[in-house]
Amino acid sequence: MGSGHKADKTSLASSRTHSLSHQHHPSPPASKEVWKKGGRMFSILLAVHLALLACTLVSSGAFEKIAVHDYDVFFLLTVMMLIVIVWIIFYLVSTSRGPDAILCKDSHAGPVWLRGGLILFAIFSLVMDVFKIGYYSSFYSCLSAIKIIYPIVQAIFVIVQTYFLWISAKDCVHAHLNVTRCGLMLTLTTNLAVWMSAVTDESVHKAHSKLKKNVTEEIFKWLMKAGMRSGSTEECNCNSQICQIFKNGYFWLYPFNIEYSLFASAMVYVMWKNVGRFIDHHSHHIHRLKFRLFRRTFFVGIVLGLIILVSGLGVLIVYEVRVNSSHEASKKNEALTMYYIFNIVCLGLMSLVCIGGSVIYRFDKRDMDRHKNPTRTLDVALLMGAALGQYAISYYSIVAIVASTPRDTISALNLTYALLMIAQHTFQNIFIIEGLHRQPPKEDHKRELRQKDPYGLTFVNINAVSLRVPDSGSTVTPSTLPSVEAIHPSELAQSLAGPKKMNWRRKFLREISMFLLLSNIILWIMPAFGARPQFDNDKELNFYGDSMWPAIVDICLPFGIFYRMHAVASLLEVYIMS
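Residues numbered from 1 in each chain as written. Predicted model: local features only at pLDDT ≥ 70, side-chain atom pairs only at ≥ 80, totals over all residues. Heavy atoms only, no water.

Draft legend 1. A look at the side chain of S265. Along the chain, S265 turns up in helix α9 (residues 254-274). Overall, the relative accessible area of 7% leaves S265 in the buried class. Not counting residues within four places of it along the chain, the set of residues in contact with S265 comprises L188, N191 and L192. (Helix = DSSP H or I, 4+ residues; strand = E, 2+ residues; numbered from the N terminus. Buried < 20%, exposed > 50% of the residue type's maximum accessible area, 1.4 Å probe, protein only. Contact = heavy atoms within 4.5 Å.)

Draft legend 2. The arrangement of the environment of D364 in detail. Considering the arrangement of structural elements, one finds D364 in the loop between α11 (329-362) and α12 (374-403). Through-space distance from the C-alpha of D364 to that of R506 is 8.7 Å; in sequence the pair is 142 residues apart.

Draft legend 3. Just the packing of aromatic side chains, in detail. By the definition in use, this model includes 29 aromatic pairs. Here F124 and F256 contribute two aromatic rings whose centre-to-centre distance is 4.2 Å and whose plane-to-plane angle is 15°, an arrangement assigned as stacked. A residue pair is termed long-range when its members are at least 10 positions apart, and F124 in helix α4 (residues 112-137) and F256 in helix α9 qualify at 132 residues. Overall, the relative accessible area of 13% leaves F256 in the buried class. Among the aromatic residues, ring-to-ring pairing joins F121, F124, W252, F256, F263, W524 and F529 into one connected group. Seen from the ring of W272, R40 lies directly overhead, with NZ or CZ sitting 5.4 Å from the centre. (Phe/Tyr/Trp six-rings, centres within 6.5 Å; stacked < 30°, edge-to-face > 60°. Lys NZ or Arg CZ within 6 Å of the ring centre and 35° of its normal.)

Draft legend 4. Spatial organisation of the packing of helix α5 (residues 146-168) against α9. The contact between α5 and α9 brings their axes to 11 Å, and the two run at 40°. Taken together, the axes of α5 and α9 lie oblique to each other. Seen along the crossing, α5 lies across α9 with a hand that is left-handed. Contact residues: α5 offers Q154, V158, Q161, T162, F164, L165 and S168, while α9 offers N257, Y260, A264, M267, V268 and M271. (Axes fitted to C-alpha atoms, helices over the stretch in contact; angles between N-to-C directions. Parallel < 35°, antiparallel > 145°, perpendicular 65-115°, else oblique. Left-handed = near helix turned anticlockwise from the far one by under 90°.)

Draft legend 5. Seen up close, the nonpolar core. Residues F164, F431 and W524 are the most contacted members of the largest nonpolar core, which totals 131 residues. Per-element tally for this core: the top contributor is helix α18 (residues 548-577), with 16 residues. When residues of this core are assigned to domains, at least three map to each of domain 1 (37-222 + 240-278) and domain 2 (292-441 + 503-577). Discounting chain neighbours no more than four positions away, the residues touching F431 are C354, G357, S358, Y361, L509, I512, S513, L516, L571 and V574. (Core = buried A, V, L, I, M, F, W, Y, C linked by side-chain atoms within 4.5 Å. Domains from an automatic or database assignment.)

Draft legend 6. Region of interest: a nonpolar patch on the surface. Together, V112, I119, I123, V127, Y163, W166 and I167 line one region of the surface with nonpolar side chains, adding up to about 610 Å² of accessible area. Every element with two or more residues in the nonpolar patch is listed here: α4 and α5. No other element matches the four residues that α4 contributes to the nonpolar patch. If you trace the backbone, I123 turns up in helix α4. Classification of I123 as partly exposed rests on a relative accessible area of 47%. (Patch = residues over 30% accessible without salt bridge, like charges linked within 9 Å, V, L, I, M, F, W, Y side chains within 5 Å. Areas by Shrake-Rupley, 256 points an atom, 1.4 Å probe, with all protein chains shown as cover. Salt bridge = Lys/Arg side-chain N within 4 Å of Asp/Glu carboxyl O.)

Draft legend 7. Up close: the side chain of N520. Tracing the backbone shows N520 in helix α15 (residues 489-528). Within polar-contact distance, the side chain of N520 engages the backbone oxygen of L516 at 2.6 Å. If near-sequence neighbours (up to four positions away) are discounted, N520 is found in contact with M350, Q428, R564, A567, V568 and L571. (Polar contact = N/O pair within 3.5 Å; in protein donor to acceptor, adjacent residues only side chain to side chain.)

Draft legend 8. The arrangement of the environment of I512 in detail. Topologically, I512 is positioned in helix α15. Judged by its relative accessible area of 10%, I512 is buried. Spatially, the C-alpha atoms of I512 and G301 are 6.0 Å apart, while their sequence positions differ by 211 residues. Ignoring any residue separated from it by four or fewer positions in sequence, one finds I512 in contact with V353, G356, G357, I360 and F431.

Draft legend 9. Here's a closer look at helix α8 (residues 241-252). Over its 12 residues, α8 extends 17 Å from the first C-alpha to the last, a length consistent with the 16 Å expected when each residue adds 1.5 Å. Buried within α8 we find C243, F246, K247, G249, Y250 and F251. (Expected span 1.5 Å × (residues − 1).)

Draft legend 10. Looking closely at the environment of N520. Given the relative accessible area of 0%, N520 is considered buried. Separated by 43 residues in sequence, N520 and Y563 have C-alpha atoms that sit 9.1 Å apart.

Draft legend 11. Local environment of the packing of α9 against α18. In the contact formed by α9 and α18, the axes pass within 11 Å of each other and the chain directions differ by 65°. Where α9 crosses over α18, the two elements pack in a sense that is right-handed. Contact residues: E259, L262 and F263 in α9; I561, F562 and M565 in α18. Of the residues that constitute the contact of α9 with α18, the class distribution is five nonpolar, no polar and one charged. (Nonpolar A, V, L, I, M, F, W, Y, C, P; charged D, E, K, R; others polar.)

Nothing here speaks to function; it is geometry throughout.
Written out as structure tokens, the structure reads:
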């Protein structure tokens with residue numbers, strides 16, 4: 001009798017659990033796609049072949065002896081951008097407006113601060129295109145027409161793509177699946193090709209400026225014939241002041257265009273991952289977080305970060321003036337010493353702060369967010385992958401400094417700088433990744449309590465409990481209600497006091513995030529706008545040679561620059577979620 005009664009209770013509990021789980025976690029609708037991996041594989045193959053073709057043309061167009069000209073590269077990029085523009089218009093007009101085309105949206109994709117950064121870089125990219133059009137228009141009689149058409153098409157491409165990503169970054173498309181995947185991969189490849197072209201053009205320009213500063217005009221012309229392409233614009237005269245403004249202006253704006261291409265590539269990749277995806281809204285929490293910059297902070301992180309930012313701008317100005325405008329070795333060494341000391345102090349503080357933040361996370365009681373999140377997965381992959389560029393430069397510098405003689409003060413500072421760069425990237429990645437995987441803070445504890453009596457006792461809100469009446473028509477009794485665990489008054493008092501104890505941790509995490517954010521901004525500005533001691537310090541150049549070391553820096557440094565800007569976006573998210 002007792003065993004039978006126990007079995008009945010067990011079966012009733014299991015059926016109740018099954019019904020409740022069925023009610024609260026509905027299975028997503030079945031996908032209409034027959035072979036999802038096949039569509040993804042085809043789009044990936046398309047992107048790989050286009051990327052290899054673009055990479056081959058861009059790299060070949062940088063050298064004089066190879067019969068590939070820069071206008072050949074511009075022609076390919078123009079065709080790719082025109083195709084992408086046509087597809088985006090098709091997506092906005094046809095695909096996204098179809099019945100049941102967008103059944104759900106990914107709340108984590110395309111956050112407002114990422115889209116805001118994309119618009120900021122897009123504005124500077126448009127200004128760069130205007131400068132390019134003005135510069136190339138000065139030589140319309142001796143240049144190919146594609147050099148004027150290219151910046152015009154690029155400006156249209158930037159406008160159309162920015163609008164597309166602003167309104168569609170969160171879409172989970174379920175119409176024209178294969179066409180959408182191929183279109184997104186073509187968009188991603190086009191952005192990467194434009195990025196490669198901009199990086200190559202900027203590197204060639206800086207190499208030419210370096211050679212012109214160190215050698216005579218006759219030797220420079222001979223080197224151009226023997227090595228890298230000088231560009232067809234060198235044959236045209238740019239003597240007017242407005243022409244020089246256009247020329248210098250668009251080269252100074254290249255870093256913004258480079259970052260725009262990478263930001264757009266990241267957002268397009270997340271859209272590609274979300275094609276054909278169904279989201280379970282019961283497990284996919286939507287966190288409506290408000291950005292409050294001057295609330296619940298001690299202002300220590302903001303003040304220290306602003307000090308680092310302003311000091312770094314001063315160091316950058318002095319460095320550019322002394323290194324690029326002076327031929328005296330003593331002034332050059334003073335500028336290098338000042339640059340290394342500033343970076344050593346900045347990187348040392350950032351490393352210590354990141355270690356402190358990781359220690360605070362050890363005492364953080366918030367749960368880890370383990371739900372599927374393509375945006376967060378991409379953020380982590382980009383942080384880890386982009387850091388490899390700076391790791392490579394640092395390790396090459398360490399080998400060159402340790403293996404070469406003599407060892408002077410600048411060599412010691414350079415070695416310390418390289419070691420701290422490795423440590424700072426490592427500790428910062430740990431801090432950011434741990435912050436991205438934390439659940440955001442809950443709402444105020446008083447709002448979570450549905451009803452509370454004057455004596456501090458909490459009652460259960462029956463309306464918030466979803467019940468399912470058994471099909472047999474049996475009466476719902478207290479024994480059939482979901483069990484609610486009794487709360488002891490001491491436990492209730494402890495839970496009420498919990499947020500106050502957690503408050504100091506959240507404040508410290510906000511201070512750390514804001515300090516790291518501002519510090520990463522200045523560490524992005526310095527190399528992006530010309531402060532590159534790798535070319536001005538002769539230790540590595542003499543050790544690896546005039547061809548190997550510049551190639552290493554040109555390949556790895558863009559990844560290091562992108563790392564800083566991506567870290568800024570990730571730290572802003574960590575700040576908001578703290």
